[in-house]
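Breakdown of the fold
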Protein chains: 2
Amino acid sequence: MAAVRRSSRATIRDVARHARVGIATVSRALNDDPGIAPATRARVLAACETLGFRRSSLARGLKLGATDNIGVAIMSRHAPVILNPFYAEVIGGIEEVLEDAAKHLLISSLKRGDDLLELASEGRVDGLLVVGCDVAPQVLAQLRDAALPVVLIDNAFDGITSVVIDHHGAGRQAGRHLLAGGGTRFAFVAENLENPNFRARLGGFRSALQEAGSQLSPEAVAAGGDSWDGGFVAMQRVLSALATPPDAVFAANDPAAMSALRAVRERGLRVPDDVALLGVDDIHLAAHHVPPLSTIAFDKRGLGRTGASHLLGRLAGHDVPALTVLATELVVRETSRSGDGAR
Amino acid sequence: MAAVRRSSRATIRDVARHARVGIATVSRALNDDPGIAPATRARVLAACETLGFRRSSLARGLKLGATDNIGVAIMSRHAPVILNPFYAEVIGGIEEVLEDAAKHLLISSLKRGDDLLELASEGRVDGLLVVGCDVAPQVLAQLRDAALPVVLIDNAFDGITSVVIDHHGAGRQAGRHLLAGGGTRFAFVAENLENPNFRARLGGFRSALQEAGSQLSPEAVAAGGDSWDGGFVAMQRVLSALATPPDAVFAANDPAAMSALRAVRERGLRVPDDVALLGVDDIHLAAHHVPPLSTIAFDKRGLGRTGASHLLGRLAGHDVPALTVLATELVVRETSRSGDGAR
DNA sequence: CTGTTAGCGCTTTCAG
DNA sequence: CTGAAAGCGCTAACAG
């Protein structure tokens, strides 16, 4: 009899009327409240079905003070960030755990710190995963004091749950590997030397070298600019600054390594015979590069997974570690030689 | 004097009290209502500032019936979908236009059609972008009848605004290119032959071949399975089914093309001298492959951008085209030869 | 077991 | 120009 409501969605009140119960009963049926007669519940559920009723997440959220949305904020001054394969992997890991928890993913790539603070205080999300280290300290400080649970991914800040990669350790690993491969004249190339992660990698590299009595001369460290061929330019600089070319170069990341490799070859040097080359990231391309690139891999998915589960933990009121450091793994392919072969 | 509220956020009422006005006035100030004295507005805004007040998007949404959230649903039975570089590009395009419109992106990779319908009717989003063709017709039918504006990306359905790639046209382009390069014995390899897009590509390929009086024998069409080496397996099948190997093969996508290439080489055939090979997608790897892969490119970002702006248009009450077909572009690299060279 | 009622925080008539 | 009050759809006391 009753005409089917086409447009404006049915509300809990419509269902109540249809099932001849009070709205509280409908709510109870929907929330699996134990104190409800099975027959009544069935009737209510049937009414929901025929009316095509679905709870408004807005009204529910307003009442409960929660949305089941988790914000993923990726700070970047550069263009759409999902395109960065690194972030894509991290997000994949996040998604993996949020899906199991039936949370929704609200993704924003933000340019300004204010946008982040707004997202944090609008009530649009129950918690925030902030990815990347491109966010100002004072913004982080405000975030720390916010009511909203926040976890930092690939960034650390005192007072905020943080999950990071051991960039310093990666640098040490690189140093030891290049040393073991017989390297004696070292270099470090990067797109820039401001990125805190790059600096940490460089720091670790230096420390491993020093332990072995080697070192990195100032001319052997270069930045080539944040573009496609930053590594290329950096490598050229090193090559022209040094009297003798290096025989072991560590690049701050895989793209830099690949483009540095071109510079090395243009100079007539062979890889890995004349110079060993090592990147960081293990991007997908690395394995398919010619020659396959030696690199230091880290678990990007795991970064996302860990961050997400820590956030979920905080939302559930659990204690979670303030700082989690994820280890890296050396992947020797064909731009460097393992120590064994060199002996 | 008043202690700063640390936890539970300030509400519009707190601001009203602080600014000694009514809550309606606060609301007006926040919404840039013209009918408000500049002095009052300033006072209210100042109060917001000192209290660190931000409107609850939930309450606002409940009242206004809108959330400023746009859902992006990616249907896939397989694992986290953001990892698929194709989707990542599409999402990048979507993000690009939604960001300008100050909309938030709610991303869900869904396995079941029901999840999609739930997302569509919970009121969590104002509109829905459904990406990919892995969604059941009856689900689409329900979506069509929903109150929520929906646009399909890389999928078409009668009655729903759709944005697609001209897969058939891509197949035709492939056929003509391979023909022009001197091909005479053609083959088509894919991971599967069920995917509607793959079928459309095959259909276009066939039609171009037929126009030229050529054709594709049944043994020259093979699927190798949805795995890493589906193209490899498919190519092997073709190679062993045919008395004479083909000299021009069209792969349903780039990964299939790359892995088919391995099979061709294992058979001792050279590319492109003995056999020309062409993929579809122009994935990032294609240009960096050895040899660089000829392929048919399409504007994945544009797909996302177009879909998103159509959705925005619908939300704004504008008319938008029911179906938009995006053209593809042939990219000749080193696994095939352009017609000129062959003559 | 079930119904009535009071808000969650906001926007928006409707009166001043 | 500003305030009081109603109500968006839901959940959670509180009574029956």
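Heads up: the structure comes first, above all this text.
These lines cover the structure that appears in this document, whether it is placed above or below. (Residues numbered from 1 in each chain as written. Chains lettered and ligands numbered in written order. Predicted model: local features only at pLDDT ≥ 70, side-chain atom pairs only at ≥ 80, totals over all residues. Heavy atoms only, no water.)

1. What to know about the overall build of chain A
Across its full length, chain A carries 14 helices and twelve strands. The C-alpha atoms of chain A give 27 Å as radius of gyration, which overshoots the globular expectation for 343 residues (20 Å, by more than 25%). Dimensions along the principal axes, computed over C-alpha positions, put chain A at roughly 90 × 40 × 35 Å. Counting the 343 residues in chain A, one finds 53% classified as buried. The long-range share in chain A, meaning contacts at least 24 apart out of those at least 6 apart in sequence, stands at 68%. (Helix = DSSP H or I, 4+ residues; strand = E, 2+ residues; numbered from the N terminus. Rg over C-alpha atoms; globule rule 2.2 N^0.38 Å. Buried < 20%, exposed > 50% of the residue type's maximum accessible area, 1.4 Å probe, protein only. Contact = heavy atoms within 4.5 Å.)

2. Some points on the relation of the copies chain A and chain B
Related by rotation about an axis and a shift along that axis, the two copies of the chain form a pair. Between the two copies, chain A and chain B, the superposition gives an RMSD of 0.1 Å; the rotation angle is 180° and the shift along the axis is 0.1 Å. Such values leave the two copies arranged in the relation of a two-fold axis. The position closest to the rotation axis in chain A is occupied by the C-alpha of Leu-106 of chain A, lying 2.2 Å away. (Least-squares fit on C-alpha atoms with pLDDT ≥ 70 in both.)

3. Describing the sheet that holds strand E8 (residues 248–251) of chain B
Residue and element names in this part refer to chain B. Sheet architecture is open: six strands sit in the order E7-E6-E8-E9-E10-E12, paired in mixed fashion. Two strands in the sheet have a free side with no partner beyond their single neighbour: strand E7 (221–223) and strand E12 (328–331). Taken pair by pair, the neighbouring strands of this sheet meet at an average axis angle of 20°, ignoring direction. Taken together, the three bridges between strand E6 (residues 186–190) and E7 define a ladder with parallel strand orientation. Of the residues in E7, the one forming a bridge with Val-189 is Ala-222. (Pairing = 2+ DSSP bridges. Axes fitted to C-alpha atoms, helices over the stretch in contact; angles between N-to-C directions.)

4. Quick notes on helix H2 (residues 23–30) of chain A
Residues and elements named next belong to chain A. Listing the buried residues of H2 in full gives Thr-25, Val-26 and Ala-29. Looking straight down H2, one finds its buried side chains confined to an arc of 100°; they lie on one side. Tucked inside the fold, the buried residues of H2 contact helix H1 (12–19) and helix H3 (38–51). Directly after H2, the chain includes Asp-32, whose backbone phi takes a positive value near 55°. (Arc of directions from axis to C-beta.)

5. Remarks on the interface of chain A and chain B
Listed as interface residues are 47 residues of chain A and, on the opposing side, 47 residues of chain B. Between chain A and chain B, the buried area comes to about 4,100 Å², and carbon and sulfur atoms account for 58% of it. At the boundary of chain A and chain B, one finds two salt bridges. With a shortest N-O distance of 2.8 Å, Glu-99 of chain B and Lys-111 of chain A are connected by a salt bridge. Contributing elements (two or more residues each) for the side of chain A that touches chain B: helix H4 (57–64), helix H5 (85–100), strand E2 (104–110), helix H6 (113–121) and helix H12 (284–288) of chain A. Element by element, the count of residues in the side of chain A that touches chain B is highest for H5 of chain A, at seven residues. Looking at the side of chain A that touches chain B residue by residue, the classes come out as 18 nonpolar, 13 polar and 16 charged. Relative to strand E2 (residues 104–110) of chain B, E2 of chain A runs antiparallel, the two sharing three bridges. (Buried area = accessible area lost by both parts, 1.4 Å probe. Salt bridge = Lys/Arg side-chain N within 4 Å of Asp/Glu carboxyl O. Nonpolar A, V, L, I, M, F, W, Y, C, P; charged D, E, K, R; others polar.)

6. A look at unusual backbone geometry
Cis geometry is found at the peptide bond from Val-271 of chain A to Pro-272 of chain A, where omega equals 5°. Along the chain, Pro-272 of chain A turns up in the loop between helix H11 (254–266) and strand E9 (276–281). Cis peptide bonds are those with omega within 30 degrees of zero, and the linkage from Val-290 of chain A to Pro-291 of chain A qualifies with -5°. In this structure, Pro-291 of chain A sits in the loop between H12 and strand E10 (295–298). The phi torsion at Ala-102 of chain B lies on the positive side, around 55°, for a residue other than glycine. Along the polypeptide, Ala-102 of chain B turns up in the loop between helix H5 (85–100) and E2.

7. Here's the deal with the environment of Leu-311 of chain A
Residue and element names in this part refer to chain A. Within the secondary structure layout, Leu-311 lies in helix H13 (residues 300–315). Since its relative accessible area comes to 1%, Leu-311 is described here as buried. Residues Leu-311 and Leu-128, spaced 183 residues apart in sequence, show a C-alpha to C-alpha distance of 7.7 Å. Residues within four places of Leu-311 in sequence aside, it is in contact with Ile-70, Gly-127, Leu-128, Leu-129, Pro-149, Val-150 and Val-151.

8. Side note on the protein's contact with DNA strand D
Looking at DNA strand D, there are 29 residues lining it, with Ile-12 and Arg-60 of chain A together with Gly-22, Thr-25 and Thr-40 of chain B nearest. Counting only the atoms of DNA strand D within 4 Å of the protein, the fraction contributed by sugar and phosphate is 56%. Measuring from a phosphate oxygen of DNA strand D, one finds a backbone N or O atom of Ser-56 of chain A at 3.1 Å. Thr-25 of chain B places a side-chain nitrogen or oxygen 2.6 Å from a phosphate oxygen of DNA strand D. Those elements giving two or more residues to the surface near DNA strand D turn out to be H1, H2 and H4 of chain A together with helix H2 (23–30) and helix H4 (57–64) of chain B. The residue makeup of the surface near DNA strand D, split by class, is twelve nonpolar, eight polar and nine charged. (Near = heavy atom within 4 Å. Polar contact = N/O pair within 3.5 Å; in protein donor to acceptor, adjacent residues only side chain to side chain.)

9. Some remarks on helix H1 (residues 12–19) of chain B
Residues and elements named next belong to chain B. Of the residues making up H1, those classed as buried are Asp-14, Val-15, Ala-16 and Ala-19. For H1, the elements touching its buried residues are H2 and helix H3 (38–51). For H1, the N-terminal capping position is held by Thr-11, with its side-chain oxygen 2.9 Å away from the main-chain nitrogen of Arg-13. Downstream of H1 by a residue or two, Arg-20 has a phi angle that is positive, lying close to 60°.

10. Side note on the packing of aromatic side chains
All names here are of chain A. On inspection of all chains with the given rule, the structure shows twelve aromatic pairs over all chains. One aromatic cluster is present, built from ring pairs that chain together Phe-186, Phe-188, Phe-205 and Phe-250. In this arrangement the basic side chain of Lys-300 is found over the ring face of Phe-298, its NZ or CZ atom lying 5.6 Å from the centre. (Phe/Tyr/Trp six-rings, centres within 6.5 Å; stacked < 30°, edge-to-face > 60°. Lys NZ or Arg CZ within 6 Å of the ring centre and 35° of its normal.)

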